[in-house]
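# Inside the fold
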Amino acid sequence: MDNIAGQKSALSWATNIAVVFMVLVWLIPTVGLFVSSFRDRDQISASGWWQAPFSVELTFRGRAPVEEATQDGSIWVIEGNIFEDEEVQAAFSSGDGTVTAFGDSGRAPAEYPAGTVAELDDGQTLSVAPDGAYRFTSPEEFGRRGPRIYFAADTPPQFTLDNYRNVLTADNMDRAFINTLTVTIPATIIPILVAAFAAYALAWMQFPGRGLLIAAVVGLLVVPLQLALVPMLNLHNAIGVGQSFLGIWMAHTAFGMPLAIYLLRNYMVGLPRDIIECAKVDGATDFEVFTKIVLPLSFPALASFAIFQFLWTWNDLLVAKVFLPSSDESKVMTVKIADDLLGSRGGDWGILATAAFVSIAVPLVVFFTMQRYLVRGLLAGSVK
Amino acid sequence: MSPLLQGVLTIVIGVGGCVGYFYFANLILDKVIFPTKGPNPGRNINRANQVRPWLFLFPAIFALGLYLVYPVIGSFYRSLFNRAGDEFIGGGNYAALLADDGFRTSLFNNFLWVIFVPAGATFFGLLAAQLTDRLKWGNIAKSLIFMPMAISFVGASLIWKFVYANDADIGMINAVREMLGAENPVDVLQIPFWNNFFLMVILIWIQTGFAMVILSAALRGVPEDTIEAAIIDGANPFQIFFKIKVPQIMATIVVVWTTITILVLKVFDIVYATTGGNFGTEILPSYMMSYMFRDDGRATAVAFVIMLIVTPVMIWNIMQARKEMR
């Protein structure tokens, strides 16, 4: 369809630009998360992730050592270089910082531009040069501890893996990752087999009530999960399963069943009738037809359902919150992020970004490698 | 026992159990109950073939019945009892819901969600499907727009925190506002009424890819001769799109629309992870979760209300499916 008459090149330009715009809008939030997860935590809160490649003005504080105070006439003076302060050196290991502004209180750490002399309260003065050399004067003796000096300095962009190290070692996030895997894999594999047999029966076997059952499956596709939470949790408690991995596997298996049967049946119905009838004429039983012909031929549908179920169980929050114990050692990643990290570390953007990225990395890999099957499954599910 | 080992064991038992069940049940049916050798082989084969479908269906029907059919009744029954579950209060929970401001807010918000999320996702999906159709790099563009489908609602909420954050150095909206000269950052998730729409954007962002994939396949299926005929008659590209293509894929648009509508009624994660239902953003699923573990009577009542809202779509779906099967 590339050369249909009536295609205007102006329109094609507009199309290209519109698509670029749309892709950017869809991509940028995720890119932001990705970039943020590699940034130093102080830099995250000091400048937006879109400024990540540029140096960031951060504020620091040091202390003028009172031991070095000298009396110069009637005033007391402390001189030195702020970059030699221990507290400051931790942040400037290379020692090549440039002071842009300074101040004497934490509320206004960058009140005066570097190089000027600031008149402070009580007749004190302070000046800090861009290279860090400072001079603090006071008409009276300094107190027991030296005065604080606050300053702002440009720091080069810093990309670290610290966030990942923190997330994966502290916070039990490694445990949550394993828990997610533990929930996901059985919950993906078990429904496939159960659903495949049922789908075969609904597609290729004649029996009374078949149409009704198919209609029931279509209806159950839309039953809200919320209905099942209370009664099934009570049932699990009554039969001794309680809130446990076994419980969530059973729940996920059942909740994935309508889609599995629906997808697989739609696919199996489309298999060539000849093959199946020939096999039957040759004396194959239904069991053999299913295991030797239908199952291998249905691989694409099985794969697409497996991807759906994998993404759905990996990303699920609701079922995990209800059917898993709420203790820390059995939390999955989504629960961990939503309940722990967003609550207690709501301001720690580096940790949040990294945790989120760890949790979406696996589904993204699955998505990009298996996209073909995913699309095919979607189409089988909704377009005839 | 470590959960991982337990998981491996479950896979083995689960898969082994399924295979074993299907294999041996089938074997027993053919060899023991209705043997094909001995008296009446013909009648036995027929009978075995009548039973076999139910053999194949049994585990699935059992799971569906227990986890999806029984809860409809079980939840309704439970919703007629008080918090502790020991006293029958009839419609008491429903009356309490109607009297509760929180419920009315979430009903209204849910109404907004049900209108705007499917509309937004379908609109952008259709737009993306049409625009990428002829592009050389259309497939790459599509898979990038489709990507949020793989991201959890919780993850997506976090991603959008970096857009909405109340801080010009974190949130992009406030950064843009600052660039345009605004003095103080605003928390867009606290603006009454409009904050709902900022949350809906997250779900639209996720669902557009789904709509796009399906509508794009439908657009490809539009017969080319109808388009050629329109071109020959002098239709411009917009007319071709709105008057030739869209009417022909209307059925698919409706399917996409209803699928997303159903999804909207289930998703509590986004509200839960962003505002926690505060600032007037509660919707029914998150409202239900606020009662879960605290008052089962109320929680099941809310769940049943969601079920009632879904029912028309369910009936429509079943009617469509039956029509297609004929």
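Residues numbered from 1 in each chain as written. Chains lettered and ligands numbered in written order. Predicted model: local features only at pLDDT ≥ 70, side-chain atom pairs only at ≥ 80, totals over all residues. Heavy atoms only, no water.

Our next topic: the overall build of chain A. Within chain A, the regular secondary structure consists of 14 helices and 9 strands. Over its C-alpha atoms chain A spans a radius of gyration of 32 Å, topping by over 25% the 21 Å that the globule rule assigns to 384 residues. A principal-axis box enclosing the C-alpha atoms of chain A has dimensions of 115 × 70 × 30 Å. Looking at chain A as a whole, 53% of its 384 residues qualify as buried. (Helix = DSSP H or I, 4+ residues; strand = E, 2+ residues; numbered from the N terminus. Rg over C-alpha atoms; globule rule 2.2 N^0.38 Å. Buried < 20%, exposed > 50% of the residue type's maximum accessible area, 1.4 Å probe, protein only.)

Once that is clear, we can look at the pairing of strand S4 (residues 98-103) of chain A. All names here are of chain A. Here 5 bridges tie S4 to strand S9 (residues 148-155), and the two strands are oriented antiparallel to one another. Paired with glycine 103 across the strands is tyrosine 150, a residue of S9. Pairing analysis gives 2 bridges linking S4 to strand S5 (residues 112-113), with the strands arranged antiparallel. Note that in S5 the partner of alanine 101 across the bridge is proline 113. (Pairing = 2+ DSSP bridges.)

This paragraph deals with empty space enclosed by the protein. Residue and element names in this part refer to chain B. Applying the stated rule across the entire model yields 1 cavity of 30 Å³ or more. Within this model, the largest cavity holds a volume of roughly 40 Å³. The wall of the largest cavity is formed by Ala168, Asn174, Arg177, Glu178, Ala182, Glu183, Asn184 and Pro185. Across the lining of the largest cavity, the residue classes break down as 3 nonpolar, 2 polar and 3 charged. (1 Å grid on protein atoms, 1.4 Å probe; cavity = no way out; pocket = protein on both sides within 12 Å on 5 of 7 lines; lining within 4 Å. Points joined across faces, edges and corners; volume = space filled by probe spheres on them. Nonpolar A, V, L, I, M, F, W, Y, C, P; charged D, E, K, R; others polar.)

The next point concerns the interface of chain A and chain B. Contacts between the two partners involve 111 residues from chain A, matched on the other side by 106 residues from chain B. Roughly 9,900 Å² is buried in total at the junction of chain A and chain B, and carbon and sulfur atoms are behind 81% of that figure. At the boundary of chain A and chain B, one finds 1 salt bridge. Arg52(B) is paired through a salt bridge with Asp286(A); the nearest N and O atoms lie 4.0 Å apart. If you look at where chain A meets chain B, you find 8 residue pairs in polar contact (both at pLDDT 80 or more). Here the element with the most residues in the side of chain A that touches chain B is helix H1 (residues 9-37) of chain A; it accounts for 16 residues. Here the side of chain A that touches chain B is built from residues that sort into 84 nonpolar, 20 polar and 7 charged. (Contact = heavy atoms within 4.5 Å. Buried area = accessible area lost by both parts, 1.4 Å probe. Salt bridge = Lys/Arg side-chain N within 4 Å of Asp/Glu carboxyl O. Polar contact = N/O pair within 3.5 Å; in protein donor to acceptor, adjacent residues only side chain to side chain.)

A few words now on the domain arrangement of chain A. When cut into domains, chain A gives domain 1 (9-51), domain 2 (56-155) and domain 3 (171-382). Here the C-alpha centre of domain 3 of chain A lies 62 Å away from the C-alpha centre of domain 2 of chain A. (Domains from an automatic or database assignment.)

Segmentation of chain B into domains returns domain 1 (3-69) and domain 2 (99-325). Each of domain 1 of chain B and domain 2 of chain B has a C-alpha centre, and these two points are 41 Å apart.

The next thing to look at is the nonpolar core. Judged by nonpolar contacts, the single largest core of 201 residues is most densely connected at Tyr200(A), Ile248(A), Phe255(A), Ile261(A), Met268(A), Phe323(A) and Trp113(B). Among the elements that make up this core, the one with the highest residue count is helix H5 (residues 173-204) of chain A (17 residues). Here Ile248(A) is in contact with Val183(A), Val319(A), Ala320(A), Phe323(A) and Leu324(A), once residues within four sequence places are set aside. Listed in part, the 23 residues of the second largest apolar core include Phe60(A), Ala64(A), Val66(A) and Tyr112(A). (Core = buried A, V, L, I, M, F, W, Y, C linked by side-chain atoms within 4.5 Å.)

Below, the discussion takes up the pattern of salt bridges. Tallied over the full model, the rule gives 11 salt bridges over all chains. The residue Glu79(A) makes a salt bridge to Arg135(A) at a minimum N-O spacing of 2.9 Å. A residue pair is termed long-range when its members are at least 10 positions apart, and Glu79(A) in strand S3 (residues 75-81) and Arg135(A) in strand S8 (residues 133-138) qualify at 56 residues. Residue Glu79(A) is classed as partly exposed on the basis of its relative accessible area of 45%. Salt-bridge contacts for Arg220(B) lead to Asp133(B); the nearest nitrogen and oxygen are separated by 3.1 Å. Residue Arg220(B) is found in helix H8 (residues 194-220), and its partner Asp133(B) is found in the loop between helix H4 (101-132) and helix H5 (138-146); the two are separated by 87 residues along the sequence.

Looking now at the side chain of Ser143(B). On the secondary structure map, Ser143(B) appears in helix H5. With residues up to four places along the chain from it excluded, the contact list for Ser143(B) reads Phe367(A), Phe368(A) and Gln371(A).

We now examine unusual backbone geometry. Residues and elements named next belong to chain B. We note that phenylalanine 279 has phi near 60 degrees; this positive angle belongs to a residue other than glycine. Structurally, phenylalanine 279 can be placed in the loop between helix H12 (269-274) and helix H13 (284-291). On the accessibility criterion, phenylalanine 279 (40% relative accessible area) is partly exposed. The backbone of phenylalanine 293 shows a phi angle near 70 degrees, a positive value even though the residue is not glycine. Residue placement: phenylalanine 293 occurs in the loop between H13 and helix H14 (296-325).

To continue, consider the packing of aromatic side chains. Considering all chains together, one arrives at 44 aromatic pairs over all chains under this definition. Measuring from centroid to centroid gives 5.3 Å for Tyr23(B) and Phe24(B), while their planes differ by 85 degrees, and the two rings are edge-to-face. With a relative accessible area of 40%, Tyr23(B) lands in the partly exposed category. Classification of Phe24(B) as partly exposed rests on a relative accessible area of 49%. Here Phe241(B) and Phe242(B) contribute two aromatic rings whose centre-to-centre distance is 5.0 Å and whose plane-to-plane angle is 75 degrees, an arrangement assigned as edge-to-face. The exposure class of Phe241(B) is buried, given its relative accessible area of 11%. Members of the aromatic cluster, each reached through a chain of ring pairs, are Phe197(A), Tyr200(A), Phe287(A), Phe290(A), Tyr21(B), Phe22(B), Tyr23(B), Phe24(B), Phe56(B), Phe58(B) and Phe62(B). The lysine or arginine in question, Arg372(A), covers the ring of Tyr373(A), its NZ or CZ lying 5.0 Å from the ring centre. (Phe/Tyr/Trp six-rings, centres within 6.5 Å; stacked < 30°, edge-to-face > 60°. Lys NZ or Arg CZ within 6 Å of the ring centre and 35° of its normal.)

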